[in-house]
Amino acid sequence: MAEVAAPHTKMRAQVPAARWLECVHCGLCLPACPTYLELGTEADSPRGRIHLMREWAEGRVPLTGEVVRHLDLCLGCLGCEAACPSGVRYREMIEGARVAVEQSYQRRWREALLRRLVVDLFPYPDRLAILLWPVRLADWMGLGPVVRKLPWVELVPLPLPRKKAAAALVPARGARRYRVALFRGCVARVLFPQVEAALVRILADHGCEVVVPGEQGCCGALAAHQGDRDRAVTSIRAVLRVFTEPVDALLVTAAGCGAFLRSYGHWTEGTELQERAKLLALRVRDATEFLSSLKLLPPARPLGRKVAYHHACHLAHAQGIRDEPVRLLQLAGAELVRLEEADLCCGSAGSYNILQPQLAQRLGERKARNILASGAEVVAVGNPGCSMQIQAALRRLGADIAVLHPVEVLDVAYRESTA
Amino acid sequence: MQWAHLRESLRTVVGSEGLIEPYEARKVYECDGYTLERAVPELVVLPASTAEMCAVVRLLHRAGVPFVPRGAGTGLSGGCLPLEAPVMIGTSRMRRILEIDSLNRRVMVEAGVANLEVTRAVTEFGLHYAPDPSSQAACSIGGNIAENSGGPHTLKYGVTTNHVLGLELVLPDGEAVWLGGWVDDVPGYDLRGFVIGSEGTCGIVTRAILRLLRNPEAWQTILAVFPSVAAATSAVSAVIAAGVVPAALELMDRLIVQAVEQAYHFGFPADAGAVLIAEVDGHSAAVQAEAEAVKKLCLDAGATEIRSAATERERAELWKSRKRAFGAVGRLAPNYCTQDGVVPRTCLPEILQRIVAIAERYRLRVGNVFHAGDGNIHPILLFDERDPQEVRRVLEAGREILAACVELGGSITGEHGVGVEKIAEMPLLFTPQDLIVMQALRQVFDPEQRSNPGKMFPSPGGCVEVARPRRQVPV
Ligand SMILES: Cc1cc2nc3c(=O)[nH]c(=O)nc-3n(C[C@H](O)[C@H](O)[C@H](O)COP(=O)(O)OP(=O)(O)OC[C@H]3O[C@@H](n4cnc5c(N)ncnc54)[C@H](O)[C@@H]3O)c2cc1C
Ligand code: SF4
Ligand code: SF4
């Protein structure tokens, strides 16, 4: 039997007691949870995790490695929140639990180191770029496909794009309708600069002036997902300092960043930052959301290729953006094919594929098999993390299917029409 | 056999991923959708196939260890509470759709497949699996069979037993047998029918052959808003009296309407006393006529607003208010307890009055949502589990409501089963002789009563007052 634990003050400070009661234990969230579908274990289901977190908070279960393991295995994909009829705020629960875990649980050194690396490397584009040098070298020597068989390296897109400095300001072509700022994202800008370029082209062509502040860093999501509140708030403070110019919208191409930027108000609660954080959050728009509000003209020649759309969790579940990206694909003239389990997490989930490689791999392959079965030539994905994960999984299955951001798909259609 | 030895033997059968040992990971199995009572299993085993299931059950048989089956744990009567049974056997890893025979409209699935998955797998053939409990996205076919589950469309299409052609049962000694098969009307006793609704007391169902229905050529969903529940129930009676058999006929009272409105903003009027959802289906010509008839009868009964849906999207939107009603109630109070009873349809107004009176007497808030067409009521009692007095009042009020159902010629459960929740009410419905006969029948399958012990039947010689041995009620 378990030892008796005192009600856990750190956890209680994170999640108000009344939150737990919102879960009525109906289980309707089970089929929306990727980890439950793969493992079949209640402790790896939303209902089970809520149960565990509550038992821990209320002192009926101590915080053991076993509890931490089940919480760590949660992707944070929020499929459960979307499915829950009772309005359970799972996100606040799990994010609170992650902070409380870091405050009260001693991880084994290897794991702690890995987690440190994630928050010390990925949020810094310069460090990430240096880290990628060996891969760049291998690619140059023609060893790209070979090194992509290594863990971690498999996640790096092939070919690896060149580093490009973004212009600080891109004027609108023709009359200016909007002035927007671009949030570049730390991983996105290094690994997917072409998405940014595609977005800027479409925007400028449609009367938008684009401001790209040079000094911008990480939004803070990577740290927050690991329960590192202080570091997350530091990132938030820096972002608030950089994005001060008045703009109509703050555009994001990485769903993970967008979702986190929108939750700035929650993360700065009780600090002097909150007012500004809330205002910034109100301006945030996913690139697909903004573009589909612009009433764009369709390209002269429809794209005509078979495209499957994968719902990135941080778009569909966290921000409720489901139709807009699809509308862009329709506008591009893509032939949309039905993708089974389109809104089931692909296993990327921020740094999940690095911290939980086994389950991430299973989920990635599940996604890749569904994509293969859909008959698509292109998969459209609105988040860089998912793109890396899905590319790697498809490569593992030996499939040659392009993975593009919906904005890129549209850009391709426009360019093919004018070429 | 020693416990440690048994555990190792089980591990060799199901592997480490299929065996759940740590206390924390078992703790989450301490209850299903009925959270008033809890018990933590000593071990949870998740076999991945019939073969593994047989091996697991055989080991338990040799060791003389009782077990409790579990599907998705959405049950509302504590059916998979591990009472007097240290080992829980789950079907959550048996989720394969094995064979689709679209021409003959049959499908073979493993017991852990979720109800809605079946329909999803056969949509491309224009087919569906008819029983549609509100929990259909999550609940398993095995659980549906154990509870003989129904749903809104039960009125016209029947409950689970009408749609299961055959099932594979792993007997408590570890032997797998097929009852029924690919065809209807297997001669001899209907053992398949006996097992359906037996709540896991005959063994574990591992596979089933299900009947599929062709999607109706046309349908129309009608939602009518009434000023009072009485007006809505009289519409129900009128519809049935007129000879229309709707595919579904569902009623929600004021409290529930307010809850779903608050959660999903359907635009129901704030003073709506009840909402009735009716669905008619069949050939297009007939559907049109029936839908018009239903609308007229509703208006005659005093409906203040009528909406209808004829596209899949609109239909889903109308149904959403009903299908998500239970969950939406979760927003009204910290906890709720869903009762489940049946009365003859004509007694609906009467039972509703009685429920209101009982709730008032116990100072409880109650909402009603029910399958009106077949008189299956679901009073939902709201409470706060942190208030032990209130919890006790909920339990007592629930019992009185069930007694009232029986008095009106009905039953103590329409579809949620007896589980542990209603053991004490069984004698209201059955004589001691009835219960003895039932248990004798169960012994044919489970002579040692090792499959889901402590469920369905009051303890031997017991009556309503018999203390429940190992049930821990947190009051
Ligand atoms: C929100 C909500 C709405 C609901 N709506 C309805 C409804 O409209 N109609 C309805 O009928 N029910 C409804 N229910 C109740 C519940 O969903 C059903 O009883 C369902 O059939 C249970 O399935 P399960 O897989 O969750 O079974 P569990 O809860 O896991 O188990 C239920 C019982 O079946 C036994 N069992 C499970 N699997 C097997 C097996 N393979 N072999 C033998 N025994 C087994 C268990 O031992 C237990 O006694 C609802 C529940 C919820 C939470
Ligand atoms: S999180 Fe929501 S859907 Fe899941 S068990 Fe709790 S109330 Fe039900
Ligand atoms: S966030 Fe995703 S992985 Fe975590 S419990 Fe919810 S559905 Fe499961």
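Rules of the game
- Residues numbered from 1 in each chain as written.
- Chains lettered and ligands numbered in written order.
- Predicted model: local features only at pLDDT ≥ 70, side-chain atom pairs only at ≥ 80, totals over all residues.
- Heavy atoms only, no water.
- Contact = heavy atoms within 4.5 Å.
- Salt bridge = Lys/Arg side-chain N within 4 Å of Asp/Glu carboxyl O.
- Polar contact = N/O pair within 3.5 Å; in protein donor to acceptor, adjacent residues only side chain to side chain.
- Helix = DSSP H or I, 4+ residues; strand = E, 2+ residues; numbered from the N terminus.
- Near = heavy atom within 4 Å.
- Nonpolar A, V, L, I, M, F, W, Y, C, P; charged D, E, K, R; others polar.
- Buried < 20%, exposed > 50% of the residue type's maximum accessible area, 1.4 Å probe, protein only.
- Domains from an automatic or database assignment.
- Buried area = accessible area lost by both parts, 1.4 Å probe.
- Expected span 1.5 Å × (residues − 1).
- Arc of directions from axis to C-beta.
- Axes fitted to C-alpha atoms, helices over the stretch in contact; angles between N-to-C directions.
- Parallel < 35°, antiparallel > 145°, perpendicular 65-115°, else oblique.
- Left-handed = near helix turned anticlockwise from the far one by under 90°.
- Phe/Tyr/Trp six-rings, centres within 6.5 Å; stacked < 30°, edge-to-face > 60°.

### A few points about the interface of chain A and chain B
Tallying the contact residues gives 36 residues for chain A and 38 residues for chain B. Arginine 70 of chain B serves as the salt-bridge partner of glutamate 42 of chain A, at 3.2 Å between the closest nitrogen and oxygen. Across the chain A-chain B interface, the total number found is 13 residue pairs in polar contact (both at pLDDT 80 or more). At the level of secondary structure, the elements contributing two or more residues to the side of chain A that touches chain B comprise helix H3 (34-39), helix H4 (46-57), helix H5 (65-72) and helix H6 (79-83) of chain A. Examining the composition of the side of chain A that touches chain B, we find that 6 residues originate from one element, H4 of chain A, more than from any other.

### Observations regarding the site of ligand 3
All names here are of chain A. The local shell around ligand 3 holds 13 residues, among which Cys33, Cys74, Cys77, Leu78 and Cys80 are the closest. Broken down by secondary-structure element, the contributors of at least two residues to the shell around ligand 3 are H4 and H6. Here the shell around ligand 3 is built from residues that sort into 10 nonpolar, 2 polar and 1 charged.

### Quick word on the environment of tyrosine 90 of chain A
All names here are of chain A. Checked against the element boundaries, tyrosine 90 lands in helix H7 (residues 90-104). The buried category is assigned to tyrosine 90, whose relative accessible area is 2%. For the pair tyrosine 90 and isoleucine 50, spaced 40 residues apart in sequence, the C-alpha separation works out to 7.8 Å. Once you skip the residues sitting within four places of it in the chain, tyrosine 90 turns out to touch Pro46, Arg49, Ile50, Met53, Cys74, Leu78, Cys80 and Glu81.

### Some details on the pattern of salt bridges
Per the counting criterion, the structure on display carries 64 salt bridges over all chains. As a salt-bridge pair, arginine 201 of chain A and aspartate 411 of chain A come within 2.8 Å of each other at their nearest N and O atoms. A residue pair is termed long-range when its members are at least 10 positions apart, and arginine 201 of chain A in helix H13 (residues 193-205) and aspartate 411 of chain A in helix H25 (residues 406-418) qualify at 210 residues. Residue aspartate 184 of chain B pairs with arginine 211 of chain B through a salt bridge whose shortest N-O separation is 3.1 Å. With aspartate 184 of chain B in the loop between strand E9 (176-180) and helix H7 (191-195) and arginine 211 of chain B in strand E10 (residues 204-211), the pair connects residues that are 27 residues apart, well separated along the chain. On the accessibility criterion, aspartate 184 of chain B (42% relative accessible area) is partly exposed. With relative accessibility at 24%, the residue arginine 211 of chain B sits in the partly exposed group. Taken together, the shared-partner salt bridges connect Arg54, Glu55, Glu58 and Arg60 of chain A together with Lys27, Glu30, Arg38 and Glu385 of chain B into one network.

### Examining helix H9 (residues 254-264) of chain B
Residue and element names in this part refer to chain B. The buried count for H9 comes to 8 of 11 residues, which makes it a mostly enclosed element. Residues of H9 that are buried in the fold lie against strand E13 (248-253), strand E14 (274-282), helix H11 (312-323), helix H12 (325-329), strand E18 (365-371) and strand E20 (379-383). Note on H9: the residue one or two positions beyond its end, histidine 265, has a positive phi of about 50°.

### Some remarks on the domain arrangement of chain A
All names here are of chain A. Domain annotation for chain A reports domain 1 (9-104) and domain 2 (298-418). For domain 1 versus domain 2, the separation of C-alpha centres amounts to 28 Å. Each side of the interface is counted separately: domain 1 has 16 residues, and domain 2 has 14 residues. A buried area of about 1300 Å², summed over both sides, lies between domain 1 and domain 2, and 64% of it is on carbon and sulfur atoms. Ranking the residues of domain 1 by area buried against domain 2 places Glu38, Leu75 and Cys77 at the top, with a combined share of 42%. Applying the counting rule to domain 1 against domain 2 returns 2 salt bridges. Note that glutamate 38 is salt-bridged to arginine 366, the shortest N-O span being 3.0 Å. On inspection of domain 1 and its partner domain 2, the count reaches 3 residue pairs in polar contact (both at pLDDT 80 or more). Breaking the side of domain 1 that touches domain 2 down by element, the ones donating at least two residues are H3 and H6.

### Observations regarding the site of ligand 2
Surrounding ligand 2, one finds 13 residues, the nearest of these being Cys23, Cys26, Gly27, Cys29 and Cys84 of chain A. Among the residues making up the shell around ligand 2, the classes are represented as 9 nonpolar, 3 polar and 1 charged.

### Quick look at helix H15 (residues 229-242) of chain A
Residue and element names in this part refer to chain A. Here H15 spans 20 Å end to end across 14 residues, near enough to the 20 Å set by a 1.5 Å rise per residue. Residues of H15 that are buried include every one of Ala232, Val233, Ser235, Ile236, Val239 and Leu240, and no others. In a view along the axis of H15, the buried residues occupy a sector of 160°, so they form one face of it. Exposed side of H15, more than 90 degrees from the buried face: Asp230 and Arg241 are the residues found there. Along its buried surface, H15 packs onto strand E2 (178-183), helix H14 (221-225), helix H16 (255-262), helix H17 (264-267) and helix H18 (274-283).

### Considerations on the packing of H5 of chain A against H7 of chain A
Residues and elements named next belong to chain A. As a packed pair, H5 and H7 sit with axes 11 Å apart at the nearest point and diverge in direction by 140°. When the axis of H5 is compared with that of H7, the two are oblique. As for how H5 packs across H7, the hand of that crossing is left-handed. For the pair H5 and H7, the contacting residues are Val68, Leu71 and Asp72 in the first and Ile94, Ala97, Arg98 and Val101 in the second. For the contact of H5 with H7, the residue count by class is 5 nonpolar, no polar and 2 charged.

### Focus on the environment of leucine 294 of chain A
Residue and element names in this part refer to chain A. Considering the arrangement of structural elements, one finds leucine 294 in the loop between helix H19 (287-293) and strand E6 (306-310). Using a relative accessible area of 2% as the deciding quantity, one classes leucine 294 as buried. Other than its neighbours up to four places away in sequence, leucine 294 contacts Arg177, Tyr178, Leu203 and Cys208.

### With respect to the packing of aromatic side chains
The geometry of an aromatic ring pair is captured by the separation of the ring centres together with the interplanar angle, meaning the angle of the planes. All names here are of chain A. Scanning the entire structure with this criterion turns up 7 aromatic pairs over all chains. Ring centres 5.8 Å apart and planes at 80° place the aromatic pair phenylalanine 260 and tyrosine 264 in the edge-to-face group. Look at phenylalanine 260 and tryptophan 267: their rings are 5.7 Å apart centre to centre, the planes differ by 50°, and that puts the pair in the tilted class. The same class applies to phenylalanine 260 and to tryptophan 267, which are both buried. Three or more aromatic residues link up through ring pairs in this structure, and these residues are Phe260, Tyr264 and Trp267.

### With respect to unusual backbone geometry
All names here are of chain A. At the junction of leucine 158 and proline 159, the peptide bond is cis and its omega measures out at -5° in the coordinates. Mapped onto the elements, proline 159 comes out in the loop between helix H11 (144-147) and strand E1 (169-170). Although it is not a glycine, leucine 78 adopts a positive phi angle of roughly 65°. Note that leucine 78 resides in the loop between H5 and H6. For leucine 78, a relative accessible area of 4% gives the class buried.

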